[in-house]
Amino acid sequence: PNSVTSIGGSAFSGCSGLTSVEFNAENCTTMGSSTNPVFSGCTNLTSITIGDQVKTIPDYAFYNCSSLTSIKIPNSVTSIGSSAFKDCSSLTEVTLGNSVKEIDSEAFSGAKRLGKIYSHNPTPPTCADEDVFYNVNIDKCRVYVPVGAGEDYKTTYVWWDFTYIVEDEKVTGVESTFTDNGVNVVVENGNIIVNGAEDT
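Residues numbered from 1 in each chain as written. Predicted model: local features only at pLDDT ≥ 70, side-chain atom pairs only at ≥ 80, totals over all residues. Heavy atoms only, no water.

Let's talk about the sheet that holds strand β6 (residues 93-96)
As a general point, the strands of a sheet are linked pairwise by backbone hydrogen bonds and lie either parallel or antiparallel. Convention followed: Any two strands between which DSSP finds at least two bridges are classified as paired. A run of H or I in DSSP becomes a helix once it reaches four residues, and a run of E becomes a strand once it reaches two; helices and strands are each numbered from the N terminus. Angles here are taken between N-to-C directions and fall from 0 to 180 degrees, while the axes themselves are lines fitted to C-alpha atoms, restricted in helices to the stretch in contact.
The strand order across the open sheet built from five strands is β4-β6-β8-β10-β11, with neighbouring strands paired in parallel fashion. The strands lining the two open edges of the sheet, one partner per strand, are β4 (70-73) and β11 (164-167). Neighbouring strand axes in the sheet, compared pairwise and without regard to direction, differ in orientation by 15° on average. Two strands pair when backbone bridges link them, and β4 and β6 are joined in this way by four bridges, in the parallel orientation. Looking across to β6, one finds that I73 is bridged to L96.

Structural notes on the environment of I138
To be explicit about the condition: Residue contacts are counted whenever heavy atoms from the two residues lie within 4.5 Å of one another.
Mapped onto the secondary structure, I138 falls in the loop between β9 (126-127) and β10 (142-145). Remark: the alpha-carbon pair of I138 and K112, spanning 26 residues in sequence, is separated by 9.7 Å. Setting aside residues no more than four positions away along its own chain, I138 makes contact with D161, F162 and T163.

Remarks on the packing of aromatic side chains
Quick note on the threshold: Only centres within 6.5 Å qualify two rings of Phe, Tyr or Trp (six-membered ring in Trp) as a pair; their planes then separate them into stacked at under 30 degrees, edge-to-face at over 60, and tilted for everything else. Type-normalised accessible area, obtained with a 1.4 Å probe on protein chains alone, sets the label of each residue: buried when under 20%, exposed when over 50%, and partly exposed for intermediate values.
According to the stated counting rule, one finds twelve aromatic pairs in the structure shown. Ring plane angle 85° and centroid distance 5.2 Å describe the contact between F133 and F162, whose orientation is recorded as edge-to-face. Note that F133 is positioned in the loop between β9 and β10 and F162 in the loop between α1 (150-154) and β11, a separation of 29 residues in sequence. F162 carries the same exposure label as F133, and that label is buried.

Some thoughts on the sheet that holds strand β5 (residues 79-80)
Across the sheet, four strands lie side by side as β3-β5-β7-β9; this open sheet has parallel pairing. Where the open sheet ends on each side, the last strands, each with one partner, are β3 (56-57) and β9. Note that β3 and β5 share two bridges and pair parallel. Each residue of the ladder has a partner; that of T56, found in β5, is S79.

Brief notes about the pattern of salt bridges
Close approach of charged atoms allows side chains of opposite charge to pair. Condition: Salt bridge, as used here: a side-chain nitrogen of Lys or Arg that lies within 4 Å of a carboxyl oxygen of Asp or Glu.
Counted under the stated rule, the structure contains one salt bridge. One salt bridge in this structure joins E106 and K86, with 3.3 Å as the shortest N-O distance. Of this pair, E106 sits in the loop between β7 (102-103) and β8 (116-119) while K86 sits in the loop between β5 and β6, and the two are 20 residues apart along the sequence. For E106, a relative accessible area of 22% gives the class partly exposed.

And the structure:
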């Protein structure tokens, strides 16, 4: 529930019957620890909802969650730890929020079925090494990025290995939207846009 403030290491590790997780506690910003991953080995986990209070996906957080098919990393997350989604062999789709800046070694290693990556950060996240996407079919997996960011991804370490890097207008750096006195306001890549026009 929202009242949870912390979840200890290995709390649900190896819960092979667990199928769904909603991690939405408002005051809980971490998912266990790097040395004792929370959901590692939950082999029947198919659905994860990560709330926008989480800042870091720690090492091995979802290691060997072999039934997981898709994951959406919220905009609050800035880094993805080593082997966080390693051997998630059923993973087909990953969405990276616009604040993801660092992806550590083997984070998505073994995600053999991964076919789509939606990266909302106009600045390509830094990949620790070539093993971040080890055993991912980089010749078939498509990477969708914000319009105007394609060339940066194509010339950035590790990302340049992917054959298909596609600019997509649906992939944006939108951080938040709200209404102020009846006026629609969008914060996109640090710019304030009012009714579709950038505000000075």
